[in-house]
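Results of the structural survey
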Protein chains: 2
Amino acid sequence: MRNDLILCGVGAMGQRIARLALARDYPIRAVVDRDPAKAGIALHELLDIPEPEQPVIITPDLNLALQGEKATVMHATGSFLTDVAPMLRDCLEKGHDVISIAEEMIYPMAADRKLASELDELARLHGARLLGTGVNPGFAMDVLLLALTVPCGQVGHLYARRCNDLSDFGATVLDSQGVGLTIQAFERAVAAGEVVGHVGFRQSICLMAAQLGWPVDRIEEHKVPIVTRVARSTPHVSVAPGEVAGCHHEAVAYCGDREVIRLEHPQQIRPELEGIETSDFARISGDQAIEMRISPEVGGGAGTAACAVNAIAYLPLARPGLVHLNELPLTAPRFAQSPLD
Amino acid sequence: MRNDLILCGVGAMGQRIARLALARDYPIRAVVDRDPAKAGIALHELLDIPEPEQPVIITPDLNLALQGEKATVMHATGSFLTDVAPMLRDCLEKGHDVISIAEEMIYPMAADRKLASELDELARLHGARLLGTGVNPGFAMDVLLLALTVPCGQVGHLYARRCNDLSDFGATVLDSQGVGLTIQAFERAVAAGEVVGHVGFRQSICLMAAQLGWPVDRIEEHKVPIVTRVARSTPHVSVAPGEVAGCHHEAVAYCGDREVIRLEHPQQIRPELEGIETSDFARISGDQAIEMRISPEVGGGAGTAACAVNAIAYLPLARPGLVHLNELPLTAPRFAQSPLD
C-alpha cells in the first residue's frame, strides 16, 4: 500500500513528520535512523505518545526497514543530494515512492545533473516516484511565487524576501549562519565554507525558471553578515553590538545580462530587538505588478512537515520517476484537513 | 490541434483574451459573437491591430465557427451556467475543449447539479475537457487560499476579503452593485434581484470545501450598501454623501453550526476618497496562522484573461470531462512567459 509509510530519519523534522502522519492515521510500517541512541527504542517512546496496538521499533538497518510491499518513504536525513543519494537509491530499488525534505531534492538537477538523472532512471525502472518538498525551498520562495503568476499574462522579474527568526535553533544551525562571530571571523568562515547560509536557492531558481521557460545563464550568490546594533541573546548564544546576529544570503539569476530572479533570505536571532518583523514578501513584475506579504512568515518546521505529509495523498497522481512540485496539483482533493478536528 | 483557438464572445473580456492569445502566438481559427454589430468585421479590425496573413471574420453562426478538427474554445459570453450551457453543449458535442470565464463554471455543480452533470457526461462522451477559470472566482478567493494551505497540517477556517475599485466600469456593472442609489432604493433593488453583488461565492466555497474534504451544510450571503461620507464620482455616475458607493457582499459557509469559510467582497467606486486601499487579504487558521495581503488587489480583467490563456497549455493534462482548477497543476511547465519580451 502506497499509504503505508517508512520513516527514514527521525531527528527533529522526522519526528514532526511522524506526529502529523499519525494524526492523519497513516500506518507507519517501519522507522530507520542511524543514530545508535535511537536504535531499539519504539517510535511512540521517542515521540512520548501512548503505545499503539503494534509498536514500531526504530532500527539502524535500512534494508530491514525497506522490506515488504511498495510503500512511501518519508525521508528526512540531510540537505545535500550527494549525502542522501545512496539512501534514496536503496529506497527506489525496492520500488518505494520517496518524499524527501532534503533541500536539494526540490530540484536535484541543479545540484548534480548526473546523479539526479541516475535517480530519475532508477525510479522509472522500478515504477517509483521521487519528490522533494518543504517550505524553503519548495514553497515560500518558489511554488508560492509560481502561484502568483497564475493570473499574469507576462512575467519579467520575480523577487522574494524571507525574513525569519533563528532564536529557537541550536548550535548547529546558529554556527551555519555565523551567529556570534565577529565580522572578520564571519568573512573567514564564509570563505572556508563553514557559514553556508540558506541551502536551496539554486533549487528555487531552477524550479521557477523551468516552469516559466526562462533560460537562466548564471546565478550569483552573496552572504553578508547581519551586524547587530544592540545586544541579542538566546539560550545558545549571546551577541554583542557590532557582532554578527545572522546571515543575509541572497541569490540573483540572470538571463544573459538581465536580472530575472532575486531571492533574499536574512536569517538572524531576535530580529524584533531592532524592530524587524519576520515575513515572506514576494513581488511579481510583468503585465501585472503583484506585491504579496505574509507576516509573520510561514513556519519552516511545521510547514515542511505538512508539505511532506500532504504530498502522500497526491504523489501517486504523478508518473514514476523524479517528480517536481510544479508538475503536480497543489494538494490532493479531499486531503484530510478536517475543520472539525 | 488543441492549440487552435475558437473564440466564443469578443466583448471586453473576450477581446483581452484575444490580444493575449495572439501575443502568445496561438492560432485563432474562428471567432463567434452574437452581437450583430460585430458580424462580418475582422478580428484585427475589432482589436485595431495590423492585418494578419489570414484575417478571421467574426461570425454570429456558432455551428460555422465550431467546424473542423478538435480545438480549444475560449468562452466569454456570460456569468451564469443556465445562460451559457447551450453554447457549451454545442462546443463539447463537436469534441472541442472549452475554457470558460463564466463565473459559475468554476464549480458548476454549485449552481445546477443536474446541468453540470450533463455537461460532464457530454464532455467525457466526446473526449473533451471543460474548465472554468478566472481571478474571482478562480484565484483570489479560492485557489490562492488553497495554495496557502500547502504548508498546513490542519486547517480550521478560511477567510478572504477582496476590496476593489469599480471606477473604470460602465453602467451595467455599476447598476449591478447599486452604485448611485439611496439606501432605501438599494435595499429594494437587492430584494428584487437587481443588485446581484459578486457572482461566484458559492463556487469559491464549494471548490475549497471539495479540496479540503469539508462537508459544508449551509452558505449564507448578505449584501450591505457601502454608504459614502464624501462625494464620489466617475465618468458614469455621481454619488452624494449618504448615498450608495458600492455593495459589500459577503458569504459565510458552515459545517453544522460552525463557521468554516468567510468571504467578503466590498466593491465600490473611488475607495481612495475615504482612505481605503484596494487589496486581496487572506487568513488561514489552523496549525499555522497565515495572513497574506496583496495590495493593490490582483487585477480582475487582465488577470482573468491571463488565467484563461495560461490554461490552454495545461488543460490537455486533464482527463476528459468537467475539470476543476484544483485538479490541475497551477500552470503548465514552460508556458510562454518569457522575461525577454
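Just so we're clear, the structure is a prediction, and the values are computed from it rather than from any experiment.

Calculation rules
- Residues numbered from 1 in each chain as written.
- Chains lettered and ligands numbered in written order.
- Predicted model: local features only at pLDDT ≥ 70, side-chain atom pairs only at ≥ 80, totals over all residues.
- Heavy atoms only, no water.
- Axes fitted to C-alpha atoms, helices over the stretch in contact; angles between N-to-C directions.
- Helix = DSSP H or I, 4+ residues; strand = E, 2+ residues; numbered from the N terminus.
- Parallel < 35°, antiparallel > 145°, perpendicular 65-115°, else oblique.
- Left-handed = near helix turned anticlockwise from the far one by under 90°.
- Contact = heavy atoms within 4.5 Å.
- Nonpolar A, V, L, I, M, F, W, Y, C, P; charged D, E, K, R; others polar.
- pLDDT = per-residue confidence, 0-100.
- Expected span 1.5 Å × (residues − 1).
- Buried < 20%, exposed > 50% of the residue type's maximum accessible area, 1.4 Å probe, protein only.
- Arc of directions from axis to C-beta.
- Disulfide = S-S within 2.5 Å.
- Pairing = 2+ DSSP bridges.
- Domains from an automatic or database assignment.
- Buried area = accessible area lost by both parts, 1.4 Å probe.
- Polar contact = N/O pair within 3.5 Å; in protein donor to acceptor, adjacent residues only side chain to side chain.

Quick look at the packing of helix α1 (residues 12-23) of chain A against helix α10 (residues 300-314) of chain A now. All names here are of chain A. Where α1 meets α10, the axes come as close as 9 Å, and the angle between the chain directions of the two elements is 55 degrees. Overall, the two elements α1 and α10 adopt an arrangement that is oblique. Relative to α10, α1 is oriented so that their crossing is right-handed. Of α10, the residues touching α1 (which contributes M13, R16, I17, L20 and A21) are G301, A302, T304, A305, A306, A308 and V309. For the contact of α1 with α10, the residue count by class is 9 nonpolar, 2 polar and 1 charged.

Further remarks concern the confidence of the model for chain A. Scored by pLDDT, chain A comes out at a mean of 94, with 96% of its residues at no less than 70. Contacts for the low-pLDDT stretch residues 334-341 of chain A, under 50 throughout, to residues beyond four places or in other chains number 32 contacts.

With that settled, the discussion passes to helix α5 (residues 113-125) of chain B. Residues and elements named next belong to chain B. The first and last C-alpha atoms of α5 sit 18 Å apart over 13 residues, in line with the 18 Å expected at 1.5 Å per residue. Along α5, the residues that are buried comprise L115, A116, L119, D120, L122 and A123. The buried side chains of α5 occupy one side of the element, clustering within an arc of 165 degrees when seen end-on. α5 presents R113, K114, E121 and L125 as exposed residues on the side facing more than 90 degrees away from its buried surface. On its buried face, α5 sits against α4 (81-93), β6 (129-132) and β15 (321-323).

Per the stated rule, a full pass over the model turns up 0 disulfides over all chains. Left without a disulfide partner, C255(A) is nearest to the cysteine sulfur of C206(A), which lies 11 Å away. Left without a disulfide partner, C152(B) is nearest to the cysteine sulfur of C307(A), which lies 8.7 Å away. Take C152(B): its relative accessible area is 0%, and that puts it in the buried class.

Another aspect to go through is the sheet that holds strand β4 (residues 72-75) of chain A. All names here are of chain A. The parallel open sheet is built from 7 strands, whose spatial order is β3-β2-β1-β4-β5-β6-β15. Strand pairing shows two members of the sheet lacking a second neighbour, β3 (58-59) and β15 (321-323), which therefore form its edges. Running over the sheet, helix α4 (residues 81-93) touches β1 (5-8), β4, β5 (97-100) and β6 (129-132) and is turned about 170 degrees from β4.

Accessible area lost upon the coming together of the parts is a frequently used measure of interface size. All names here are of chain A. Here the domain parsing of chain A yields domain 1 (5-134 + 301-327) and domain 2 (143-298). Counting from both sides, the interface comprises 11 residues of domain 1 and, opposite them, 9 residues of domain 2. Between domain 1 and domain 2, a total of about 930 Å² is buried, with carbon and sulfur atoms accounting for 71% of that surface. Together, Y107, A110 and N326 form the three largest contributors to the area buried by domain 1 at its contact with domain 2, with a combined 54%. Where domain 1 touches domain 2, the interface holds 2 residue pairs in polar contact (both at pLDDT 80 or more). Here the residues of the side of domain 1 that touches domain 2 are counted per class, giving 6 nonpolar, 3 polar and 2 charged.

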